[in-house]
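Single-letter residue listing:
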Amino acid sequence: MKILVTAPYNKGAINYLEENIGQVIYRPWKPHGRAYNEKELLELLEETGANALITEHDDVSSTVIRKNPALEFIGVCRGTPSNVCLKTAESLGIPVYNTPARNAQAVAEMFLANVITLLRNTLSGIDWLEKGNWNKGAHTSYLHFKGNELAGKTIGMVGFGAIGQRIAEMVKGFPCSIKYYDPFVDGEFSGCEKVSLEEVFAISDIVSIHLPVNDQTLRMIDGNLLNKMKKSALFVNTSRASVVNREDLLSAIESGDIRGAYLDVFDHEPPDELDYRLILHPNVLATPHIAGATHEVEDHHARIMNQKLNEVFALNSNQSSIAKKS
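Residues numbered from 1 in each chain as written. Predicted model: local features only at pLDDT ≥ 70, side-chain atom pairs only at ≥ 80, totals over all residues. Heavy atoms only, no water.

Novice: Which parts of the structure should I look at to understand the overall build of the protein chain?
Specialist: Scanning the protein chain from terminus to terminus reveals 13 helices and 12 strands. Its C-alpha atoms give the protein chain principal-axis dimensions of about 80 × 45 × 35 Å. A buried classification covers 44% of the 326 residues belonging to the protein chain. Partitioning the contacts of the protein chain with sequence separation of at least 6, the portion at a separation of at least 24 is 59%. (Helix = DSSP H or I, 4+ residues; strand = E, 2+ residues; numbered from the N terminus. Buried < 20%, exposed > 50% of the residue type's maximum accessible area, 1.4 Å probe, protein only. Contact = heavy atoms within 4.5 Å.)

Novice: Before we go on, may I ask you to explain the confidence of the model for the protein chain in this structure?
Specialist: Note that predicted coordinates carrying low pLDDT should not be read in detail. Mean pLDDT over the protein chain: 94, with 96% of residues reaching 70 or higher. Taken as a whole, residues 319-326 scores under 50 in pLDDT and shows 0 contacts with residues more than four places along the chain or in a different chain. (pLDDT = per-residue confidence, 0-100.)

Novice: Just checking my understanding: could you explain the side chain of arginine 246 for this structure?
Specialist: Along the chain, the position of arginine 246 falls in helix α11 (residues 246-254). Side-chain polar atoms of arginine 246 contact the side chain of aspartate 275, separated by 2.9 Å. Those residues in contact with arginine 246 that lie beyond four places of it in its chain are Asp267, His268, Asp272, Leu274, Asp275 and Leu278. (Polar contact = N/O pair within 3.5 Å; in protein donor to acceptor, adjacent residues only side chain to side chain.)

Novice: Help me out: how do you make sense of the nonpolar core in this one?
Specialist: One broad rule of soluble globular proteins: the nonpolar side chains tend to lie buried together. Val158, Phe201, Ile209, Ile221, Phe235 and Leu249 are the most contacted members of the largest nonpolar core, which totals 28 residues. Of all the elements in the fold, those that place two or more residues in this core are α9 (197-203), β9 (206-209), α10 (223-226), α11, β11 (260-263) and α12 (273-279). The dominant element in this core, judged by the number of residues it contributes, is α11, at 4 residues. Apart from the residues lying within four places of it in its own chain, the contact partners of valine 158 are Tyr181, Leu197, Val200, Phe201, Val207, Ser208, Ile209, His210, Leu211, Met220 and Ile221. Core analysis: the second largest hydrophobic core is formed by 25 residues, Val107, Phe111, Val115 and Phe160 among them. (Core = buried A, V, L, I, M, F, W, Y, C linked by side-chain atoms within 4.5 Å.)

Novice: Whenever I open this one, the packing of helix α5 (residues 104-119) against helix α8 (residues 162-171) confuses me. Can you help?
Specialist: Packed helix pairs are characterised by how far apart their axes lie and by the angle those axes make with each other. α8 packs onto α5 with a crossing angle of 55° between their chain directions and a minimal axis gap of 9 Å. Compared by their axis directions, α5 and α8 come out oblique. Crossing geometry of α5 relative to α8 is assigned as right-handed. Where α5 approaches α8, its residues Ala104, Gln105, Val107, Ala108, Glu109, Phe111 and Leu112 are matched on the opposing element by Ala162, Ile163, Arg166, Ile167, Met170 and Val171. When grouped by side-chain class, the residues that make up the contact of α5 with α8 number 10 nonpolar, 1 polar and 2 charged. (Axes fitted to C-alpha atoms, helices over the stretch in contact; angles between N-to-C directions. Parallel < 35°, antiparallel > 145°, perpendicular 65-115°, else oblique. Left-handed = near helix turned anticlockwise from the far one by under 90°. Nonpolar A, V, L, I, M, F, W, Y, C, P; charged D, E, K, R; others polar.)

Novice: So what exactly am I meant to see when it comes to α8 here?
Specialist: Side chains of residues three or four places apart in an α-helix project in the same direction, reflecting 3.6 residues per turn. Of all the positions in α8, only Gly164, Ile167, Ala168 and Val171 are classed as buried. Buried positions in α8, seen along its axis, are confined to an arc of 100° and lie on one side of it. The elements touched by buried residues of α8 are α5, β6 (154-158), β7 (177-181) and β8 (192-194). (Arc of directions from axis to C-beta.)

Novice: Looking at this model, I keep getting lost on the packing of aromatic side chains. Mind explaining?
Specialist: By convention here, two paired aromatic rings are described through the distance between centres and the angle between planes. Tallied over the full model, the rule gives 7 aromatic pairs. Each ring, one from phenylalanine 73 and one from phenylalanine 313, has its centre 5.9 Å from the other, and the planes form 75°; the classification is edge-to-face. In this pair, phenylalanine 73 sits in the loop between α3 (62-66) and β4 (74-76) while phenylalanine 313 sits in helix α13 (residues 295-325), placing the two residues 240 residues apart along the sequence. Geometrically, the ring pair formed by phenylalanine 160 and tyrosine 180 is stacked, given 4.2 Å between the ring centres and 15° between the ring planes. With phenylalanine 160 in the loop between β6 and α8 and tyrosine 180 in strand β7, the pair connects residues that are 20 residues apart, well separated along the chain. Each member of the pair, phenylalanine 160 together with tyrosine 180, is buried. (Phe/Tyr/Trp six-rings, centres within 6.5 Å; stacked < 30°, edge-to-face > 60°.)

Novice: What should I look at first to understand the sheet that holds strand β10 (residues 234-237) in this one?
Specialist: Within the open sheet, the 7 strands sit side by side as β8-β7-β6-β9-β10-β11-β12. Their pairing is parallel. Edge strands, defined here as strands with exactly one partner in the open sheet, are β8 and β12 (284-286). Averaged over all adjacent pairs, the angle separating strand axes in this sheet is 15°, with direction ignored. Both β11 and β12 contribute to a ladder of 3 bridges, which runs parallel. Bridge pairing links alanine 261 to valine 284 in β12. (Pairing = 2+ DSSP bridges.)

Novice: Can you walk me through the pairing of strand β3 (residues 52-55) in this structure?
Specialist: On a regular strand, each side chain points to the face opposite its neighbour's, so the side chains alternate between the two faces of the sheet. Because side chains alternate across β3, one face comprises the buried residues Ala52 and Ile54, and the other comprises Leu53 and Thr55, equally buried. Relative to β3, strand β1 (residues 2-5) is paired through 3 bridges, and the arrangement is parallel. Bridge assignment links isoleucine 3 to a residue of β3, and that residue is alanine 52.

Novice: Honestly, the state of the cysteines in this entry has me stumped. Any pointers?
Specialist: Simply put, disulfide is the name for a covalent bond between the sulfur atoms of two cysteines. By the definition in use, this model includes 0 disulfides. Summary of cysteine pairing: cysteine 77 is not part of a disulfide, and the nearest cysteine sulfur, belonging to cysteine 85, is at 19 Å. Residue cysteine 77 is classed as buried on the basis of its relative accessible area of 0%. Between cysteine 192, a free cysteine, and cysteine 176, which holds the nearest cysteine sulfur, the sulfur-to-sulfur gap is 11 Å. Residue cysteine 192 is classed as buried on the basis of its relative accessible area, which comes to 18%. (Disulfide = S-S within 2.5 Å.)

See the structure below:
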């Protein structure tokens, strides 16, 4: 088997593939400066003669898949394989594997860092200091920028997958109370309570969104829910912008109906004028879609993908042995 790997993959992970799965042709997208588009990916697959693909952000379109029907698998180093035409892959019997939870630690750490930054009025304090506003009054800053502790706050999660659960683990020691809404998650989680969607918004001091994009979640978070939030509450979105009605969110922030927001994702990337009204609002801390961007995430996704492939090919090998014996 020849595996075209365009996702960032460390040397140890490549060696593992070579030793256990097949020959690796390594053409990562990062030196290219951007993900490979449909035409470029088709050319790479033809040039290398690969019959398996491990990608990250490249455009694995229906055309790419239909012109490579002999692919043994498509590996996607992302939490959701949204850059792959899953319908076409399924119709051709090509399995698609992804790497859930690859960035759970990274996103959870950014949640903590930036929520605390907002609660403690850190950025406005830094701005005040850098502008030379510290005069003779020794207690001016102490009084003006006094904030709040994370300890004792209720954090509400909309979606309670790997990232939400990692955040819950990390805040137990503060301590914080965790409420979550997720109709697809069952089981007991120590210190966490499953509640209705409306309750998450009504009782939480911090509401954090952890949703995939699909027909059910598109613009799911709207004014009806945002209006239930406390005026002192923070809104956090590190998942996908399109699950939130941005006009309703902007209205809630500009009217002072909520305290503020930490946002890492936007309807348009690069942002449009309306996005910038959110980004530049003094009660918003905005980052450019980097909550999951750490060097360690690349090691995590390589490890998760290799573990999955090892399970699949070990299972196939065992089944072949059983079939031969019978």
